[in-house]
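Residue-level structural notes
Spelled out, the chains give:
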Amino acid sequence: MANHSDINAVKDIPEIMDQYSKLQAKFQQACSQVILLNNKIVDANVRYTQASKSTNKTFMYTGRLKLMTLEGVRNTIYEYAARLADVIDEEQEKLVAMGLMQEEYEPMETNS
């Protein structure tokens, strides 16, 4: 006979899978933002380099500030994505232990 906690665990499966899907979506979005910011950093670096070659101190200053800001935001989002990756790994291990996901982290089909 199944105990009360087993029944609650079965009821929570859709919620657990939904939470896992949301974590993956957040991770993918964070990765996309890091890529976008990397491209913006490259562009800002080109503008900064051009300003430094022309010795235009005003553009050099604003260009350097923009470059530093973009790098700071990118690093923050990268750290967020790294923390999400750790949480996703932990959730995957739980799902494997529950039999809802295979070792290769492929979701198994459920009869829900």
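The preceding data block contains the structure.
Figured I'd write up the structure that's included with this text. (Residues numbered from 1 in each chain as written. Predicted model: local features only at pLDDT ≥ 70, side-chain atom pairs only at ≥ 80, totals over all residues. Heavy atoms only, no water.)

Some points on the packing of aromatic side chains
Counted only if it meets this: Think of it this way: a Phe, Tyr or Trp ring, Trp meaning its six-membered ring, pairs with another when their centres are within 6.5 Å, and the plane angle makes it stacked under 30 degrees, edge-to-face over 60, tilted otherwise. Charge over a ring is defined by NZ of Lys or CZ of Arg lying within 6 Å of the ring centre and within 35 degrees of the ring normal.
All told, the structure shown has zero aromatic pairs when counted by the stated rule. Geometry around Tyr48 places Arg64 over its ring, the cationic atom sitting 5.9 Å from the centre.

Quick notes on the pattern of salt bridges
Using the following cut-off: A side-chain nitrogen of Lys or Arg and a carboxyl oxygen of Asp or Glu constitute a salt bridge if their distance falls within 4 Å. In this text, helices come from DSSP runs of H or I with a minimum length of four residues, and strands from runs of E with a minimum of two, each type numbered from the N-terminal end.
Inspection of every chain in the model, using the stated rule, returns two salt bridges. Across the salt bridge formed by Glu91 and Lys94, the nearest N and O atoms sit 3.5 Å from each other. Pair noted here: Glu91 and Lys94 are both in helix H2 (residues 57-98), with a separation of three residues, about one helical turn.

So, a negative patch on the surface
As a reminder of what qualifies: The patches described consist of residues with a relative accessible area above 30% and no salt bridge, like charges being joined within 9 Å and nonpolar side chains (Val, Leu, Ile, Met, Phe, Trp, Tyr) within 5 Å. Per-residue and other accessible areas were derived by the Shrake-Rupley procedure at a 1.4 Å probe size, with only the shown protein chains allowed to occlude residues. Just so you know, the count uses Lys and Arg for positive and Asp and Glu for negative, and it drops His and the chain ends. We put the charge of a Lys on NZ, of an Arg on CZ, of an Asp on CG and of a Glu on CD. Burial classes follow relative accessibility: with a 1.4 Å probe on protein chains only, a residue under 20% of its type's maximum area counts as buried, one over 50% as exposed, and anything between as partly exposed.
A cluster of acidic side chains, namely Asp86, Asp89, Glu90 and Glu93, defines a negative patch on the protein surface. Tracing the backbone through its elements, the reader meets Glu90 in helix H2. Taking the relative accessible area as the measure of exposure, Glu90 reaches 46% and is therefore partly exposed.

With respect to H2
To be explicit about the condition: One less than the residue count of a helix, multiplied by 1.5 Å, gives the span that helix is expected to have.
For H2, spanning 42 residues, the distance from its first C-alpha to its last is 61 Å, which sits close to the expected 62 Å at 1.5 Å a residue. At the C-terminal side of H2, Gly99 shows a positive phi close to 85 degrees.

Brief notes about unusual backbone geometry
Its identity as a non-glycine residue notwithstanding, Thr55 has a phi of 55 degrees, on the positive side. In this structure, Thr55 sits in the loop between helix H1 (4-53) and H2. On the basis of relative accessible area, Thr55 is assigned to the exposed category, the value being 58%.

Here's the deal with the environment of Gln24
The residue Gln24 is located in helix H1 in this model. Take Gln24: its relative accessible area is 33%, and that puts it in the partly exposed class. Separated by 63 residues in the primary sequence, Gln24 and Val87 place their C-alpha atoms 9.8 Å from one another.

Overview of the nonpolar core
Note the threshold: Here, the term nonpolar core denotes a set of buried Ala, Val, Leu, Ile, Met, Phe, Trp, Tyr and Cys residues that are joined through side-chain atoms within 4.5 Å. Residue contacts are defined here by distance: any two heavy atoms, one from each residue, within 4.5 Å place the two residues in contact.
Ile13, Met17, Tyr20, Leu23, Leu84, Ile88, Leu95, Val96, Leu100 and Met101 together form the largest nonpolar core, which totals 10 residues. Elements with a minimum of two residues in this core: H1 and H2. Excluding residues within four positions of it along the chain, Leu84 makes contact with Leu23, Lys26 and Phe27. Counting five residues, the second-largest nonpolar core is a separate cluster that includes Ile41, Ala44, Leu67 and Leu70.

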